[in-house]
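An overview of the molecular structure
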Amino acid sequence: MIPLMKVQMSEAAPAAVSRVLTSGMVGQGPMVDEFEQALRERIGNPHVATVNSGTSGLHLALRLATDPAGTGQNGDRGEVLTTPLTMVAANWAILANGLRPKWVDVDPATLNVDLDDLARKITPATRAILIVHFAGYPVDLARLSGLLDEAEAVHGFRPAVIEDCAHAWGATYRGSPLGNHGNIAVYSFQSVKHFTTGDGGLMVLPDAELNERARRLRWFGIDREAPGRGLTRDDIPEWGYKFHMNDINASIGLANLAETDEVIRRYRDNAGFYDRELASADGVRLTERAPDRQSSFWVYPLLVSGKDAFIKHMTEAGVMVSQVHERNDQHTALRPYLSLLPGLEKVVEQLVCIPVGRWVSDEDRAHIVDAIEAGW
Ligand SMILES: Cc1ncc(COP(=O)(O)O)c(C=O)c1O
């Protein structure tokens, strides 16, 4: 079976981890510092904070965005416009922050939020907007920013935007990596992402002030970088979490970072092959490719007619395929927020993702295309 996802682990990682294990420091230490420096250079943004998962990053991002005074209060604190087509982690972070999700419909052309629907749903209750770059295809961030300009003119405030970049390591918008477009961006370094630290995540912040607060709140609210390294007798003005990364995960990240360009190149090469070969295949529609953005293709999405038959046919051909994320809005925990979402209905009827990662060989991808062209 050709897997849909697979761990991408450098052969140098075991030795790197072993050095940390015997170093006497396995918590947050010099490897995290070195990893963060490498990430700053790679993303091209000085304001980065590693965390122990993408989920932690999303919880903290929503806190930063919706509780600027640092009261840490729960209770009803307003709405977050969000997508129902994502991993539940993103929407649980909204509930955990005492916020209400308000669903934005999904655009079948991109599988991202439908920006027309988003514009209609901004109200004085909107505290933040959580977008996901689905499969690594960037949301049109310039258009989103324009919509927020208009909302600001009408409502007198500008909701914060949080970009969930869990699928989008290596993606670019207008030539620069995600995390450079004025919003809080959160990456996931979970096991089967393009780039893994075992488990882990990265917050990229738009300014030094938010970065300083993120770094404090990821470790109980204590400033580890203060002179004396945040001794526990220091006063803590704002409570925080235990979300920091440790040196074991950072050492895996440093080993994998050295190979990440090569890994992403292969994902893109496979995606380019599918773009060419499947453009006119019967029963299959490809998603949008805009010239100002480059997807990272964490998975390769297709809209197919006869989805159940397609999945059975591909499974019998030895190819693992899946929708990847189930719609979130019908879970019992999210039922109070149900609304009509015609774009999502269409997408879940047709969406299937096929394998595109580095492990997909030239023979594998030709086999996948042949299986699709044979019909189902
Ligand atoms: C879209 C999306 N958001 C958030 C997460 C959570 O990231 P993590 O597993 O690093 O907590 C994931 C996935 O694993 C994801 O796919």
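Residues numbered from 1 in each chain as written. Predicted model: local features only at pLDDT ≥ 70, side-chain atom pairs only at ≥ 80, totals over all residues. Heavy atoms only, no water.

Per an unreviewed UniProt entry, the recorded name for the chain is DegT/DnrJ/EryC1/StrS family aminotransferase, and the organism is Nonomuraea marmarensis. In its Sequence similarities (unreviewed entry) section, the UniProt entry covering the chain states "Belongs to the DegT/DnrJ/EryC1 family." Regarding the chain, the UniProt comment filed under Cofactor (unreviewed entry) reads as follows: "pyridoxal 5'-phosphate". (UniProt positions renumbered as here; feature names shortened; annotations may be inferred.)

**Quick word on the site of the ligand**
Neighbouring residues of the ligand: 15 residues in total, closest Gly54, Thr55, Asp164, Ser188 and Lys193. Lys193 places a polar side-chain atom, nitrogen or oxygen, 2.7 Å from an oxygen atom of the ligand. Protein chains bury 92% of the 380 Å² of accessible surface belonging to the ligand in isolation. No other element matches helix α3 (residues 54-66), which puts three residues into the shell around the ligand. Of the residues belonging to the shell around the ligand, the class tally is four nonpolar, nine polar and two charged. (Near = heavy atom within 4 Å. Polar contact = N/O pair within 3.5 Å; in protein donor to acceptor, adjacent residues only side chain to side chain. Areas by Shrake-Rupley, 256 points an atom, 1.4 Å probe, with all protein chains shown as cover. Helix = DSSP H or I, 4+ residues; strand = E, 2+ residues; numbered from the N terminus. Nonpolar A, V, L, I, M, F, W, Y, C, P; charged D, E, K, R; others polar.)

**Points about the packing of aromatic side chains**
This structure, assessed with the given rule, holds 14 aromatic pairs. Between the aromatic rings of Trp169 and Tyr187, the centroid separation amounts to 5.4 Å while the plane-to-plane angle is 80 degrees, which identifies the pairing as edge-to-face. Here Trp169, found in the loop between β5 (160-164) and β6 (172-173), pairs with Tyr187, found in strand β8 (residues 184-188); they are 18 residues apart in sequence, far enough to count as distant. According to the relative accessible area criterion, Trp169 is buried, its value standing at 4%. Here the aromatic rings of Tyr241 and Phe243 are separated by 4.4 Å at their centres, their planes lie at 5 degrees, and the arrangement is stacked. Residue Tyr241 is classed as buried on the basis of its relative accessible area, which comes to 15%. Owing to a relative accessible area of 14%, Phe243 belongs among the buried residues under this scheme. The structure contains a cluster of three or more aromatic residues connected by ring pairs, namely Phe35, Trp169, Tyr187, Phe189 and Phe195. The ring of Trp239 has Arg63 lying over it, and the distance from NZ or CZ to the ring centre is 4.1 Å. A cation over an aromatic ring shows up here: Lys193 above the ring of Trp298, its NZ or CZ 5.0 Å from the ring centre. (Phe/Tyr/Trp six-rings, centres within 6.5 Å; stacked < 30°, edge-to-face > 60°. Buried < 20%, exposed > 50% of the residue type's maximum accessible area, 1.4 Å probe, protein only. Lys NZ or Arg CZ within 6 Å of the ring centre and 35° of its normal.)

**Considering unusual backbone geometry**
Its identity as a non-glycine residue notwithstanding, Phe220 has a phi of 65 degrees, on the positive side. Within the secondary structure, Phe220 is located in the loop between α7 (208-217) and α8 (247-257). Classification of Phe220 as partly exposed rests on a relative accessible area of 35%. Non-glycine residue Val324 carries a positive phi angle of around 75 degrees. Position of Val324 relative to the elements: it lies in the loop between α10 (307-316) and α11 (342-350).

**Focus: α11**
For α11, the full list of buried residues reads Gly343, Leu344, Val347 and Val348. Relative to the axis of α11, the buried residues are bounded by an arc of 125 degrees and lie together on one face. Turned more than 90 degrees off the buried face of α11, the exposed positions are Pro342 and Glu349. Close packing links the buried residues of α11 with β12 (300-304), α10 and β13 (351-354). (Arc of directions from axis to C-beta. Contact = heavy atoms within 4.5 Å.)

**Concerning the pairing of β12**
Most of β12 is tucked away: five of the five residues are buried. Here β12 shows no split at all, with Tyr300, Leu302 and Val304 on one side and Pro301 and Leu303 on the other all buried. Sheet topology places strand β10 (residues 284-286) next to β12; three bridges connect them, and they run antiparallel. The residue bridging Arg285 from the neighbouring strand is Leu303, located in β12. In the sheet, β12 pairs with β13 via four bridges, with the strands oriented antiparallel. Residue pairing for β13: Leu302 is matched across the bridge by Val352. (Pairing = 2+ DSSP bridges.)

**Brief notes about the environment of Val48**
Secondary-structure assignment places Val48 in strand β1 (residues 48-51). The exposure class assigned to Val48 is buried, which follows from its relative accessible area of 0%. For the pair Val48 and Glu212, spaced 164 residues apart in sequence, the C-alpha separation works out to 9.4 Å. Discounting chain neighbours no more than four positions away, the residues touching Val48 are Glu36, Arg40, Leu202, Met203, Val204, Asn211 and Arg215.

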